[in-house]
Amino acid sequence: MTDMAQSHYQLGMNYFQGKGVEKSSAEAMKWFRLAAQHQHPRAIFMLGRMYDKGLGTAENPAEAAKYYQKAAELGYTRAQNILGQAYIKGRGVPADYDQALHWFRKAADQNFSDAQYNLGLMYAKGHGVPKDFIEAKRWWGMAAEQGNPKVQFTLGHMYLVGKGVKKNYSKARQWLRQAAEQGLPTAQYHLGMMYAKGTGVLQSYTEARRWLQKAAEQNYLDAIYNLGKLLGSGSEEVRDPATAVVLLKQAATRGHQRSQVLLGQHFVKGIGTAQDYQLAFHWWTEAANAGNADAQYNLGIMHLNGKGVKRDTLEGKKWLTAAADQGHTKAQYCLGVMYSTGKGVPQDLDEAFRWKEAAEFWESL
């Protein structure tokens, strides 16, 4: 590789990033091609990325794979890892676990942490190799020690739930914190939930709020929901029902069903907001139509009681049945009572027994 090739590559990157010049994919491609003629691996790799993403040219995964292959054969670890992923997905090349393993291992042996993660993933899933969590953990450990937050989270979560390893909350907290401190929202969320529940740590709603807030600021929906839940019903040190409602609305408007259900409860009870049965009905309907059993149960009760809607026993029974069919025990008990008393439905003791028996079964699990 010559100094000229490096200059051409750098000029290509300047155009690609708009650094000191007007951003131009076409100009970037021109300079990458000149550098690639001198076997510059990064320039060859960048040509592959541009074909892969359709930048400055039509998207062409097969052409992209050819450039990745050339760069990979020159020893460029990033190309080796991307080529491995292409063989996993069958993008631009035939799907081939053996080839994926070959290229992941090439890059992993050069200490490329993303490839070490992917190689570990193949062992964890048994793709092209016998499933082996010990080998997966070995590769993930190498990547995590290099500070790869995605791998640190993977290890932390393994220790948290005991998947492939014995549960170890101390190690879970160690790896999750390292990933969380690098800004990974999934790690921030799980660390926050450890503090919220007191899982392997001294329960601290303040710490829970701190980490959930960081994940929520990155639009991590489960974090937004759980932060709203914490502020709505947590201890006095963090309790803030008005902010809870704001957060739950953010997640609810993006289709997060548990947020829609909890937001409806805030409107029914007037917690952090004015009492409004119509808005509760709206959010529960959104979640119920998406198949959420809690929302279906709540709608059923609303229709039976006539709160926020016109009393409608048939509509109430419809929603209770939808929830009960999903194993919702309260809905099953309600249907059992309705059929045993004949309230709103023809009395049917066999049907009453069926629903009460179903509820007892689900409660025993």
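All values reported here derive from a predicted model rather than from experimental measurement.

With that out of the way, let us pick up the overall build of the protein chain. Helices and strands together make up the secondary structure of the protein chain, namely 20 helices and zero strands. Relative to the compact-globule value of 21 Å for 365 residues, the protein chain shows a C-alpha radius of gyration of 28 Å, a clear excess of over 25%. Viewed in the frame of its principal axes, the protein chain has a C-alpha envelope of about 90 × 45 × 45 Å. Looking at the protein chain as a whole, 45% of its 365 residues qualify as buried. Within the protein chain, contacts between residues at least 6 apart in sequence are counted, and of these 42% link residues at least 24 apart. Carbon and sulfur atoms provide 49% of the accessible area of the protein chain, an area that totals close to 18,200 Å².

This brings us to the nonpolar core. Tyr-9, Phe-32, Phe-45, Leu-119, Trp-140 and Leu-212 are the most contacted members of the largest nonpolar core, which has 81 residues in total. Sequence-distant contacts of Phe-32, defined by excluding residues within four places in its chain, comprise Tyr-9, Gly-12, Met-13, Phe-16, Ala-43, Met-46, Leu-47 and Met-50. If you look at the next biggest cluster of nonpolar residues, it comprises 19 residues, including Val-261, Phe-267, Ala-288 and Ala-295.

For His-256, the location among the structural elements is in the loop between helix H14 (241-252) and helix H15 (257-269). When neighbours within four sequence positions are excluded, His-256 is seen to be in contact with Leu-221, Asp-222, Tyr-225 and Ala-251.

With that settled, the discussion passes to the environment of Thr-2. By the secondary structure assignment, Thr-2 is in the segment before helix H1 (3-17). A C-alpha to C-alpha distance of 8.9 Å links Thr-2 and Ala-35, two positions 33 residues apart in sequence.

This part takes up the pattern of salt bridges. Under the defined criterion, the tally for this structure stands at 11 salt bridges. Here Lys-66 makes a salt bridge to Glu-63, at a shortest N to O gap of 3.7 Å. On the criterion of helical spacing, the pair formed by Lys-66 and Glu-63 is a turn pair, its members being three residues apart in helix H4 (residues 61-73). Exposure remark for Glu-63: the relative accessible area of 23% places this residue in the partly exposed category. Arg-258 serves as the salt-bridge partner of Asp-222, at 2.8 Å between the closest nitrogen and oxygen. Placement of the pair is Asp-222 in helix H13 (residues 221-233) and Arg-258 in helix H15, with a sequence separation of 36 residues. Look at Asp-222 and you get partly exposed, because its relative accessible area is 24%. Beyond isolated ion pairs, a larger network of salt bridges with shared partners links Arg-49, Asp-52, Glu-59 and Arg-91.

Here is what the cut-offs are and how they apply
- For every chain, the first residue of its written sequence is number 1, and the numbers climb from 1 along that sequence.
- pLDDT decides what is reported in this predicted model: residues at 70 or higher carry local features, side-chain atom pairs at 80 or more are listed and counted, and totals for whole chains, interfaces and linings draw on all residues regardless.
- Heavy atoms throughout the structure, all of them, feed into the side-chain values; hydrogens and water do not.
- Put simply, DSSP H or I for four residues or longer makes a helix, DSSP E for two residues or longer makes a strand, and each gets a number counted from the N terminus.
- The globule rule is 2.2 Å times the number of residues to the power 0.38, and the radius of gyration it is compared with is taken over C-alpha atoms.
- Accessibility here uses a 1.4 Å probe with only protein chains present; expressed as a share of the type maximum, an area under 20% marks a residue as buried, one over 50% as exposed, and anything in between as partly exposed.
- The criterion used for residue contact is that any of the two residues' heavy atoms lie within 4.5 Å.
- The Shrake-Rupley method, run with a 1.4 Å probe sphere, supplies the accessible areas, and residue values consider only the shown protein chains as cover.
- Put simply, a nonpolar core is a bunch of buried Ala, Val, Leu, Ile, Met, Phe, Trp, Tyr and Cys residues held in one set by side-chain atoms that sit within 4.5 Å of each other.
- A pairing counts as a salt bridge when a side-chain nitrogen of Lys or Arg comes within 4 Å of a carboxyl oxygen of Asp or Glu.

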